[in-house]
Amino acid sequence: MARFLCFACRRTITASVRKIPLPPWKESPEGATEWFERIKAPRMPPGTYAANHRPGEFSGEPPGLVVHPDDVRGMRLHPDTSRITGCCGINLLDGPNLVCEGCGAELAVRQADCHTENQVTLVTEAVILSYADD
Ligand SMILES: [Zn+2]
Ligand SMILES: [Zn+2]
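The sections below set out a description of the structure shown in this document. Given the structure is predicted, the values throughout are model-derived calculations rather than measurements.

## Details of the overall build of the protein
Here is step 1 of the chain: A tally of helices and strands in the protein yields zero helices and nine strands.
Here is step 2 of the chain: The secondary structure elements of the protein, listed N-terminal to C-terminal, are β-β-β-β-β-β-β-β-β.
Here is step 3 of the chain: Taken against the 2.2 N^0.38 rule, which gives 14 Å for 134 residues, the C-alpha radius of gyration of the protein at 14 Å falls within 12% of a compact globule.
Here is step 4 of the chain: In terms of overall dimensions, the protein has a C-alpha envelope of 45 × 30 × 25 Å along the principal axes.
Here is step 5 of the chain: Within the span of the protein, comprising 134 residues, buried residues form 46% of the whole.
Here is step 6 of the chain: Sequence-distant contacts, at least 24 apart, represent 51% of the contacts inside the protein between residues at least 6 apart.
Here is step 7 of the chain: Taken as a whole, the protein presents about 7100 Å² of accessible surface, with 53% of it coming from carbon and sulfur.

## Some details on the coordination of the zinc ion (ligand 2)
Here is step 1 of the chain: Within the protein, Cys6 (SG), Cys9 (SG), Cys100 (SG) and Cys103 (SG) serve as the donor atoms for the zinc ion (ligand 2), at 2.3 Å.
Here is step 2 of the chain: One way to put it: the four donor atoms around the zinc ion (ligand 2) meet at angles of 101 to 115°, and that makes the site tetrahedral.
Here is step 3 of the chain: On the primary sequence, the residues serving as donors to the zinc ion (ligand 2) are separated as C-x2-C-x90-C-x2-C.
Here is step 4 of the chain: Residue classification places cysteine 6 among the buried positions, given a relative accessible area of 0%.

## Looking at the pattern of salt bridges
Here is step 1 of the chain: In total, this model carries four salt bridges according to the counting rule given.
Here is step 2 of the chain: Lysine 40 serves as the salt-bridge partner of glutamate 117, at 2.7 Å between the closest nitrogen and oxygen. Here lysine 40 lies in the loop between strand S2 (18-19) and strand S3 (48-52) and glutamate 117 lies in the loop between strand S7 (106-111) and strand S8 (119-122), a separation of 77 residues in the sequence.
Here is step 3 of the chain: On the accessibility criterion, glutamate 117 (1% relative accessible area) is buried.
Here is step 4 of the chain: The class of lysine 40 is buried, set by a relative accessible area of 6%.
Here is step 5 of the chain: The salt bridge involving glutamate 61 is made with arginine 43; its shortest N-O contact spans 2.5 Å. Note that glutamate 61 is positioned in the loop between S3 and strand S4 (64-67) and arginine 43 in the loop between S2 and S3, a separation of 18 residues in sequence.
Here is step 6 of the chain: For arginine 43, a relative accessible area of 4% translates into the label buried.

## Some words on the environment of alanine 132
Here is step 1 of the chain: Position of alanine 132 among the secondary structure elements: in the segment after strand S9 (127-130).
Here is step 2 of the chain: We classify alanine 132 as partly exposed; its relative accessible area is 42%.
Here is step 3 of the chain: As for alanine 132 and methionine 1, which are separated by 131 residues in sequence, their C-alpha atoms are 8.6 Å apart.

## Structural notes on the sheet that holds S2
Here is step 1 of the chain: Strand order across the open sheet formed by seven strands is S2-S3-S4-S8-S7-S6-S5, with mixed pairing between neighbours. One side of each edge strand has no neighbouring strand; the edge strands of this open sheet are S2 and strand S5 (75-77).
Here is step 2 of the chain: The pairing of strand S6 (residues 98-100) with S7 spans two bridges and is antiparallel. Of the residues in S7, the one forming a bridge with valine 99 is glutamate 106.

## Some points on the side chain of aspartate 71
Here is step 1 of the chain: On the secondary structure map, aspartate 71 appears in the loop between S4 and S5.
Here is step 2 of the chain: The charged side chain of aspartate 71 is buried without a salt bridge, its nearest counter-charge being arginine 73 at 4.8 Å.
Here is step 3 of the chain: Sequence-distant contacts of aspartate 71, defined by excluding residues within four places in its chain, comprise Ile13, Thr14, Ala15, Val17, Pro46, Gly47 and Thr48.

## A closer look at the coordination of the zinc ion (ligand 1)
Here is step 1 of the chain: Distances from the zinc ion (ligand 1) to its protein donors, Cys87 (SG), Cys88 (SG) and Cys114 (SG), fall at 2.0 to 2.2 Å.
Here is step 2 of the chain: Ordering the donors of the zinc ion (ligand 1) by residue number gives the pattern C-C-x25-C. Here the residue cysteine 88 occupies a position in the loop between S5 and S6, and cysteine 114 occupies one in the loop between S7 and S8, the gap between them amounting to 26 residues. Of the two residues, cysteine 88 and cysteine 114, both sit in the buried class.

Parameters and conventions
- Residues numbered from 1 in each chain as written.
- Chains lettered and ligands numbered in written order.
- Predicted model: local features only at pLDDT ≥ 70, side-chain atom pairs only at ≥ 80, totals over all residues.
- Heavy atoms only, no water.
- Helix = DSSP H or I, 4+ residues; strand = E, 2+ residues; numbered from the N terminus.
- Rg over C-alpha atoms; globule rule 2.2 N^0.38 Å.
- Buried < 20%, exposed > 50% of the residue type's maximum accessible area, 1.4 Å probe, protein only.
- Contact = heavy atoms within 4.5 Å.
- Areas by Shrake-Rupley, 256 points an atom, 1.4 Å probe, with all protein chains shown as cover.
- Donors = N, O, S within 2.8 Å, 3.2 Å for Na, K, Ca; no water.
- Tetrahedral: all angles 85-135°; square planar, octahedral: opposite > 155°, others 65-115°.
- Salt bridge = Lys/Arg side-chain N within 4 Å of Asp/Glu carboxyl O.
- Pairing = 2+ DSSP bridges.
- Lys, Arg positive; Asp, Glu negative; His and termini not counted.

Distances and angles like these do not, on their own, reveal function.
So, in structure tokens, the structure goes:
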């Protein structure tokens, strides 16, 4: 198993994960009327990650490494609240909205809105994969 670390300070930022092919988009929930029902189930199974280096032009997704929201460790919301956007949940506006709890490096984009996937995308250059067990 492997996990991701913050490249800058080597803090652990995900649970143990294994690589899988990128799952297809989730369908929107049927019959949703309340805003919180419109947010999709997470795209990734827990304990996995997938490369999404070339998302579709109109997908609204950032390029990077996609993980399950519950596998995130040691990250917090960006202190600049203008990065925290979305109509029903949280979405990408202009850059990462999750930062390292240790050093403040911008590490990932959390998306969970009515018109997006429910996922966290790690910024490829800001993280490093570790195979160490500790
Ligand atoms: Zn919405
Ligand atoms: Zn860090």
